[in-house]
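# Fold and geometry: a report
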Amino acid sequence: MIQVLDRAFAILEYLSAEKGEGVTLSKIEQACSIRKTTLSNILKSLEELGYVSHPAKRKGYSLGYKAFSLAGPKYIFDKLTEVSRDEMKLLSDVFSETVVLASLREARRVVLSVLECKEGITAHISHSEDVYMSATGRVMLAYSSPHAAEAIIGQAGLPSEEAWAGISTQEALRSALAQICAERVAITTDHKEIVGIAVPVLVAGQVVGAIGVCIPRF
């Protein structure tokens, strides 16, 4: 048995048992019986690979998004839909408008769940579209890691004028995405019929989806 692999899996199994709660380095050291220097190096490598998250020292360590992704996209999407159900219902009741839960699949925004308003006129929802076209797509891109964002932009290219008016250069796109992160919300007002408002869904500090409300412009 390769010792470093054995230790890495022992750490991941321990963090998994903590159910998302941040765990201090000292607690992991005690539970896994790994010297602190060695433990720190393993945790650093796991964090760089995305299997461990350490967003702030006071929050401790927890499983990263890559650890959940091992179960496959269907598991992630089903779990995301399950835990978002109550929040979507609350938004639908408050706004009396259509609420969507979306995720990213390659360079496209894909709708996982739609809670349609039963009264009045609601906005039409496209279930798969250019990542730039919707508030949910934009907020997920804004909150993606730099590496993931560059990969998505490289595949999708710059937004067309129809998809995101006024964003025609890399500098303009980066500035717009930074503003979304600063405001912690994406609002689309550049489409003829719909205004979209969306916030990210984060797991261990990493974006896994977005919840948005779609409102007819009038």
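Refer to the structure printed above.
The paragraphs below set out a description of the structure included in this document.

Rules and cut-offs
- Residues numbered from 1 in each chain as written.
- Predicted model: local features only at pLDDT ≥ 70, side-chain atom pairs only at ≥ 80, totals over all residues.
- Heavy atoms only, no water.
- Patch = residues over 30% accessible without salt bridge, like charges linked within 9 Å, V, L, I, M, F, W, Y side chains within 5 Å.
- Areas by Shrake-Rupley, 256 points an atom, 1.4 Å probe, with all protein chains shown as cover.
- Salt bridge = Lys/Arg side-chain N within 4 Å of Asp/Glu carboxyl O.
- Helix = DSSP H or I, 4+ residues; strand = E, 2+ residues; numbered from the N terminus.
- Buried < 20%, exposed > 50% of the residue type's maximum accessible area, 1.4 Å probe, protein only.
- Pairing = 2+ DSSP bridges.
- Expected span 1.5 Å × (residues − 1).
- Arc of directions from axis to C-beta.
- Contact = heavy atoms within 4.5 Å.
- Axes fitted to C-alpha atoms, helices over the stretch in contact; angles between N-to-C directions.
- Parallel < 35°, antiparallel > 145°, perpendicular 65-115°, else oblique.

Nonpolar side chains collect at one region of the surface, where Ile2, Val4, Leu5 and Phe9 lie side by side and expose about 400 Å² of accessible area between them. Relative to the assigned elements, Leu5 resides in helix 1 (residues 3-17). Under the relative-accessibility criterion, Leu5 is labelled partly exposed at 43%.

Here we take up the pairing of strand 4 (residues 108-115). Bridge count for strand 3 (residues 98-105) against strand 4 is seven bridges, and the pairing is antiparallel. Each residue of the ladder has a partner; that of Leu104, found in strand 4, is Arg109. Connecting strand 3 to the next strand, strand 4, in antiparallel fashion are two residues, including Glu106 with a positive phi near 60°.

On to the environment of Ala182. Take Ala182: it is sitting in helix 8 (residues 170-183). Sequence separation between Ala182 and Ala142 is 40 residues, and the spatial gap between their C-alpha atoms is 9.8 Å.

Let us look at helix 3 (residues 36-49). Taking 1.5 Å as the rise per residue, helix 3 with 14 residues should run 20 Å; its terminal C-alpha atoms sit 20 Å apart, in good agreement. All of the buried residues in helix 3 are Leu39, Ile42, Leu43 and Leu46. Taken around the axis of helix 3, the buried residues stretch over an arc of 100°, which confines them to a single face. Pointing more than 90 degrees away from the buried face of helix 3 are the exposed residues Thr37, Lys44 and Glu48. Each element contacted by the buried residues of helix 3 is listed here: helix 1, helix 2 (25-32) and strand 1 (52-53). Directly beyond the C-terminal end of helix 3, a positive phi value near 95° is found at Gly50.

On inspection of all chains with the given rule, the structure shows four salt bridges. Across the pair Lys36 and Glu29 runs a salt bridge whose closest N-O atoms are separated by 3.9 Å. Lys89 is the salt-bridge partner of Asp93, the closest N and O atoms lying 2.8 Å from each other. Taken together, the residues span about one helical turn, with Asp93 and Lys89 both in helix 5 (residues 73-95) at a distance of four residues.

Contact pair helix 2 / helix 3: the axes reach a minimum separation of 10 Å and the direction vectors enclose 110°. Taken as axis vectors, helix 2 and helix 3 run roughly perpendicular relative to one another. Together, Leu25, Ser26, Ile28 and Glu29 of helix 2 and Lys36, Leu39, Ser40 and Leu43 of helix 3 make up the contact between the two elements.

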